[in-house]
Amino acid sequence: LPDILARRTEVRRFVPDNFDAADPQQVARLFDDLDVRHVETRDQLEDLILDEQELEGCIYERFQMAYVDMTADTTNEEHERVYLSLLENVLPVMQEREFRLKRKVLESPAVGELSETYSVYRRNIGADVELFRDENIPLIVEDQKLGQEYEKIAGGQEAEFRGERYTTTQIEKFFDVPDRETREGAWRARAEAFHRDAETLDDLYDKMLEVRRKIAHNAGFGTYRDYAFKEKKRFDYTPDDCLAFHRAVEQHVVPIVAEIWEERRRKLGVDTLRPWDVNVRPNDPVVDPDGREPLRPFQSIGQLSEGCARIFSQVDNELGEYYREMQESRLLDLENRPGKAPGAYMTVFSDRRVPFILMNAIGSKADVETLLHEAGHAFHYFLARHQPLVSYHFAGHEFSEVASMGMELLARPYLGEFYREADLHTLLDDQIKNAVSLFPWIAMIDAFQHWVYTTEKNGREERKARWVELERRYRPWIDWSGVEEYRDIVWQYPHVFDVPFYYIEYGIAQLAAFRVWLNSLVDKAWAVGAYKNALSLGGSRPLPELFRAAGAKFSLSEETIGEIMRGVRGQLK
Ligand SMILES: [Zn+2]
């Protein structure tokens, strides 16, 4: 890791300078110190909270550094050992101790005297403590084990195509080739790989539902849905709001997406759109209807980074300076190289108060989008890091993705840094089309789960029937004839197994990101100012306030969604 990280800029209030967060005994000792404190007065209580948050930040930073080391070079066994040792030895101590302290805070006679600053914090720890049940500990472990079983089955799926075997990810490279027969063959091969395990996964899902039902009942909830909403800290919206979102997407988004696909159908010159002409899963590559070569926006990592640096400076001076700071302090690891973990992420070092971005750039259009996106997350941290509580340095996904998706959109006027005028037109339109096209899928995945977790009779056949109905409502343009058995199991998607109900966050955030962007078309300085203002609040305020600060409205109603979609539709060429 960069040398700059050897230095800390801020003086700590509680954690000693020589503290080693990788040593479980040192960690336990500091928690002991907090545990035995008196918290009768407001000052004592605030000290406890601030000290605990600082400690948490130090430990979290140690985890993140180990994670960065490990992902930057997966062949280094020492890095992996350090990370696993933290997971095994420090994480359990931290979780158990943190929980105890949350209780201590809530039981303090001074808790009612805490200022407004602490209200979101109190709300969050209140939910954690309220949900906790001893008898749920083994069930939560059981749920995680079932999740691992899912990962194992999904990770082992292989597609056979033209005499070769591919993982279900590898075979996607044929999904966007111009030759339709190749696409069809590859798509069918993957679908068949999914289909082979469909019954096994159905049984596994039944087990998960059973375990989750028990967890919810133990915690005093009628359905797992209600439990999950509290567990996800969804204080600011209800299941009914989500149902309204599903209706709004059907009414205001599906017609626009239908138009987009109809245009593609015409360009492709086909009678109907078959599953291999579209993206059945949201990240599947799709054939270019104009048959263009992929764009190559940059040749070297230096060009990628400099191009983005210029874009950020043009969006906003201060954001440009933050990015320069990341460049100079080597807080960016952008290039793809052997041994590096795939994917991209932004993480933060909470003690040193700096963000870090890792990605795997190879020269594609997606790389530019990724860096703009992750930098949006990094700016969020730069702007929010002054918040007194470490937990306020982060907002929930509903808002943190506004920072990143919003940056992708605010960068649009400056993409000439990477693309020729002739390519920009289509590129800018495609960006919007892709973002809009995700909404039907979000609604389907969310609606499916609302139904599953609130309906008694939700066995294999009912799930199929329910999914087919959702396909008809939200993606009527896909012609499934002859491949219906593959359609019926499309709901068997990772999030549905692993992270129940986590998905609508992307839709909520995209709506606000669209609003920020539409605002910027009217008054850029104002819109960017509001965006930065909202980011600087971190997670310190409830969602409606964060959205309002950003110049958006927190609402999943037909009215709000309809209005935003009309605005977005108006921007398409
Ligand atoms: Zn993101």
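What you see is a predicted model; the values in this text were computed from it and never measured.

Q: What is the right way to look at the overall build of the protein in this model?
A: Tallying secondary structure elements over the protein gives 21 helices and five strands in all. Compactness check: the protein gives a C-alpha radius of gyration of 24 Å against a globular reference of 25 Å for 573 residues, within 12% of the reference. Evaluated residue by residue, the protein yields a buried proportion of 55% over its 573 residues. Long-range contacts, defined as pairs at least 24 residues apart, comprise 75% of the intrachain contacts of the protein with a sequence gap of at least 6.

Q: I keep staring at the packing of helix α4 (residues 119-131) against helix α8 (residues 224-231) and nothing clicks. Help me out?
A: Between two packed helices, both the angle of their axes relative to each other and the distance between the axes serve to describe the pair. For the pair α4 and α8, interaxial distance at closest approach is 9 Å and the crossing angle is 140°. Judged by the inter-axis angle, α4 sits oblique to α8. Contacts between α4 and α8 involve Ala 127, Glu 130 and Leu 131 on the former and, on the latter, Tyr 227, Lys 230 and Glu 231. In terms of residue class, the contact of α4 with α8 is built from three nonpolar, no polar and three charged.

Q: When you look at helix α14 (residues 421-454) in this model, what are you seeing that I'm missing?
A: What sets the pattern is the α-helix's 3.6 residues per turn: residues three or four places apart point alike. With 34 residues, α14 should reach 50 Å at 1.5 Å per residue; the first-to-last C-alpha distance of 51 Å fits that figure. In terms of burial, α14 is a largely internal element, 24 of the 34 residues being buried.

Q: It is not clear to me how the packing of aromatic side chains should be interpreted in this structure. Could you clarify?
A: To describe a pair of aromatic rings, you give the distance between the ring centres and the angle between the ring planes. Within the structure shown, the criterion is met by 41 aromatic pairs. Aromatic pair Phe 439 and Phe 514: ring centres 6.5 Å apart, planes at 25°, arrangement stacked. Of the two residues, Phe 439 is situated in helix α14 and Phe 514 in helix α18 (residues 504-522); the sequence distance between them amounts to 75 residues. On the accessibility criterion, Phe 439 (0% relative accessible area) is buried. Here the aromatic residues Tyr 150, Tyr 205, Trp 441, Phe 448, Trp 451, Trp 467, Trp 491, Tyr 493, Phe 497, Tyr 502, Tyr 503 and Tyr 506 are joined through ring pairs into a cluster of three or more. Between the NZ or CZ atom of Arg 37 and the centre of the ring of Phe 14, over which it lies, the distance is 5.2 Å.

Q: Could you clarify how one ought to interpret the coordination of the zinc ion in this entry?
A: Six octahedral donors around a metal ideally sit at 90 or 180 degrees from one another, while four tetrahedral donors ideally sit at 109.5 degrees. With distances of 2.1 to 2.5 Å, the protein atoms coordinating the zinc ion are His 373 (NE2), His 377 (NE2), Glu 401 (OE) and Glu 401 (OE). Judged by relative accessible area, His 373 falls into the buried class, the value being 15%. Taking the relative accessible area as the measure of exposure, His 377 reaches 12% and is therefore buried.

Q: I tried to follow the nonpolar core on my own but got confused; where do I start?
A: Soluble globular proteins tend to pack their nonpolar side chains together in the buried interior. The biggest cluster of nonpolar side chains holds 151 residues, and the ones touching the most others in it are Tyr 205, Phe 245, Leu 304, Phe 399, Phe 514 and Phe 547. Broken down by element, this core gets its largest block of residues, 17 residues, from α14. In this view, Phe 514 contacts Leu 409, Ile 432, Ala 435, Val 436, Phe 439, Ile 564, Met 565 and Val 568; residues no more than four positions away in its chain are not counted. Counting residues in hydrophobic clusters, the runner-up holds 35 residues, among them Leu 30, Ile 59, Leu 114 and Val 120.

Q: Please clarify how the packing of helix α2 (residues 42-72) against helix α3 (residues 77-107) should be interpreted in this entry.
A: At a closest axis distance of 10 Å, the pairing of α2 and α3 adopts a crossing angle of 165°. It follows from the interaxial angle that α2 and α3 lie roughly antiparallel. In this structure, α2 crosses over α3, and the sense of that crossing is left-handed. Classifying every residue of the contact of α2 with α3 gives 17 nonpolar, one polar and seven charged.

Q: I'm lost on the side chain of Asp 35 in this one. Help?
A: Inspection of the secondary structure assignment puts Asp 35 in helix α1 (residues 24-35). The exposure class of Asp 35 is buried, given its relative accessible area of 19%. Apart from the residues lying within four places of it in its own chain, the contact partners of Asp 35 are Arg 97, Arg 100, Leu 101 and Lys 104.

Q: Just to check I follow, could you spell out the sheet that holds strand β5 (residues 354-361) for this structure?
A: Adjacent strands of a sheet form backbone hydrogen bonds with each other and so pair up, either parallel or antiparallel. Taken in spatial order, the three strands line up as β3-β5-β4 in an open sheet, and their pairing is mixed. On the outer flanks of this sheet lie β3 (332-335) and β4 (345-349), each paired with one strand and no other. The average angle at which neighbouring strand axes cross in this sheet is 15°, direction not considered. With five bridges connecting them, β4 and β5 associate as antiparallel partners. Residue pairing across strands places Thr 347 opposite Phe 356, the latter belonging to β5. Contacts from helix α12 (residues 365-384) reach β3, β4 and β5, with the element oriented near 170° to β5.

Q: Can you walk me through unusual backbone geometry in this structure?
A: Excluding glycine, residues mostly carry a negative phi; peptide bonds, for their part, are mostly trans. If you check the backbone angles, Arg 162 has positive phi at about 50° while not being a glycine. The topology assignment puts Arg 162 in the loop between β1 (158-161) and β2 (164-167). Its relative accessible area of 56% is what places Arg 162 among the exposed residues. One non-glycine residue, Arg 353, lies in positive phi territory at about 60°. Along the chain, Arg 353 turns up in the loop between β4 and β5.

Q: Sorry, what's going on with the pattern of salt bridges here?
A: Side chains carrying opposite charge are able to pair once their charged atoms draw close together. Per the counting criterion, the structure on display carries 61 salt bridges. With its nearest N and O atoms 3.1 Å apart, the salt bridge here joins Glu 335 to Arg 337. Looking at Glu 335, the relative accessible area reads 31%, which means it is partly exposed. Across the salt bridge formed by Glu 462 and Lys 457, the nearest N and O atoms sit 3.1 Å from each other. You can call Lys 457 exposed: its relative accessible area is 61%. A single network of salt bridges, built from pairs that share partners, joins Glu 263, Lys 267, Asp 288, Asp 290, Arg 292, Asp 430 and Lys 433.

Q: Sorry, what's going on with the pairing of β2 here?
A: Consecutive side chains of a regular strand alternate in pointing toward one face of the sheet and then the other. By the bridge criterion, four bridges tie β1 to β2 in an arrangement that is antiparallel. In the sheet register, Glu 158 faces β2, and the bridge partner there is Thr 167. Counted along the chain from β1 to the antiparallel partner β2, the turn is two residues long, and its residue Arg 162 has a positive phi close to 50°.

Rules used throughout
Residues numbered from 1 in each chain as written. Predicted model: local features only at pLDDT ≥ 70, side-chain atom pairs only at ≥ 80, totals over all residues. Heavy atoms only, no water. Helix = DSSP H or I, 4+ residues; strand = E, 2+ residues; numbered from the N terminus. Rg over C-alpha atoms; globule rule 2.2 N^0.38 Å. Buried < 20%, exposed > 50% of the residue type's maximum accessible area, 1.4 Å probe, protein only. Contact = heavy atoms within 4.5 Å. Axes fitted to C-alpha atoms, helices over the stretch in contact; angles between N-to-C directions. Parallel < 35°, antiparallel > 145°, perpendicular 65-115°, else oblique. Nonpolar A, V, L, I, M, F, W, Y, C, P; charged D, E, K, R; others polar. Expected span 1.5 Å × (residues − 1). Phe/Tyr/Trp six-rings, centres within 6.5 Å; stacked < 30°, edge-to-face > 60°. Lys NZ or Arg CZ within 6 Å of the ring centre and 35° of its normal. Donors = N, O, S within 2.8 Å, 3.2 Å for Na, K, Ca; no water. Core = buried A, V, L, I, M, F, W, Y, C linked by side-chain atoms within 4.5 Å. Left-handed = near helix turned anticlockwise from the far one by under 90°. Pairing = 2+ DSSP bridges. Salt bridge = Lys/Arg side-chain N within 4 Å of Asp/Glu carboxyl O.

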